[in-house]
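Residues per chain, in single letters:
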Amino acid sequence: MTPQQVHDLVLNKTHEYVKDFNFTGFEAVIFDDVCESIAKSNTTENLTRDGIILAVITAFQTSQEIARRAISSLLGEVNTVSLNYGQHAFKFNKDSIF
């Protein structure tokens, strides 16, 4: 599968439960990165569609939590954290919610 096919598979399943759901901002970049990693892992041939969806959700939640904790930790020391990730620039402060 291509990264786009993995992306579409997960979002199409998500839309069965939440019609207009979509990732935005920092989460969207993490999600795209996870989809690319899963697609390039060459394990998709050995997984069912539900297995691929579960792999993406698990990897996304783990990646998002690691990023959130790292940024939160840095914000304990400074007022603003700037991050370049996935060819996008993000700025977080203590009031940032993600």
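Refer to the structure presented above.
Structural notes, computed from the coordinates. Here the structure is a predicted model, which is why all the values come from computation and not from measurement. (Residues numbered from 1 in each chain as written. Predicted model: local features only at pLDDT ≥ 70, side-chain atom pairs only at ≥ 80, totals over all residues. Heavy atoms only, no water.)

Here we look at the overall build of the protein
Counted only if it meets this: Think of it this way: any DSSP run of H or I at least four residues long counts as a helix, any run of E at least two long counts as a strand, and we number them from the N terminus. Here a residue-residue contact requires only that any non-hydrogen atoms of the pair lie within 4.5 Å. Each accessible area value is a Shrake-Rupley result obtained with a 1.4 Å probe; residue values ignore everything except the protein chains displayed when judging cover. The charge count includes Lys and Arg as positive and Asp and Glu as negative, but it does not include His or the ends of the chains. By convention, the point assigned to a charge is CZ for Arg, NZ for Lys, CD for Glu and CG for Asp.
Helix and strand counts for the protein come out as three helices and two strands. Sequence-distant contacts in the protein: of pairs separated by 6 or more residues, those separated by 24 or more amount to 57%. Carbon and sulfur atoms form 51% of the exposed surface of the protein, whose accessible area is close to 6700 Å². Here the protein contributes 8 positively and 12 negatively charged side chains, and the mean placements of these two sets differ by 4 Å.

Quick word on the pattern of salt bridges
Test applied: Throughout this description, the term salt bridge denotes a Lys or Arg side-chain nitrogen within 4 Å of a carboxyl oxygen of Asp or Glu. Remark: exposure states derive from per-residue accessible area (1.4 Å probe, protein chains only) relative to the maximum for the residue type, with buried under 20%, exposed over 50%, and partly exposed in between.
Within the structure shown, the criterion is met by four salt bridges. The partner of E36 in a salt bridge is K40, with the nearest N and O atoms 2.8 Å apart. Of this pair, E36 and K40 both sit in helix α2 (residues 25–40), separated by four residues, roughly a single helical turn. Exposure remark for E36: the relative accessible area of 33% places this residue in the partly exposed category. Several salt bridges share partner residues, and in doing so they unite E65, R68 and R69 into one network.

A short note on the pairing of strand β1 (residues 80–85)
The following threshold applies: Only strands joined by at least two bridges in the DSSP assignment are considered to pair.
Taken together, the six bridges between β1 and strand β2 (residues 88–93) define a ladder with antiparallel strand orientation. Bridge pairing in β2 links V81 to F92. Where β1 hands over to β2, the hairpin turn is made up of two residues, of which G86 adopts a positive phi near 60°.

Quick look at unusual backbone geometry
Positive phi, close to 60°, is recorded for N42, a residue that is not glycine. Take N42: it is sitting in the loop between α2 and α3 (49–75).

Observations concerning the side chain of E27
How we decide: By the criterion applied in these results, polar contacts are pairs of N or O atoms within 3.5 Å in which, for protein atoms, one can donate a hydrogen and the other can accept it, and in which residues neighboring in sequence qualify only through two side-chain atoms.
With respect to the helices, strands and loops of the structure, E27 is situated in helix α2. Comment: no salt bridge for buried E27; closest opposite-charge side chain is R68, at 8.6 Å. A polar side-chain atom of E27 sits 3.3 Å from a polar atom in the side chain of Q64.

A short note on the environment of K91
Position of K91 relative to the elements: it lies in strand β2. Classification of K91 as exposed rests on a relative accessible area of 62%. In this structure, the C-alpha to C-alpha distance between K91 and Q4, residues 87 residues apart in sequence, is 27 Å. In contact with K91, not counting residues within four places along its chain, are T80, V81, S82 and S96.

Keep in mind these values describe shape, not function.
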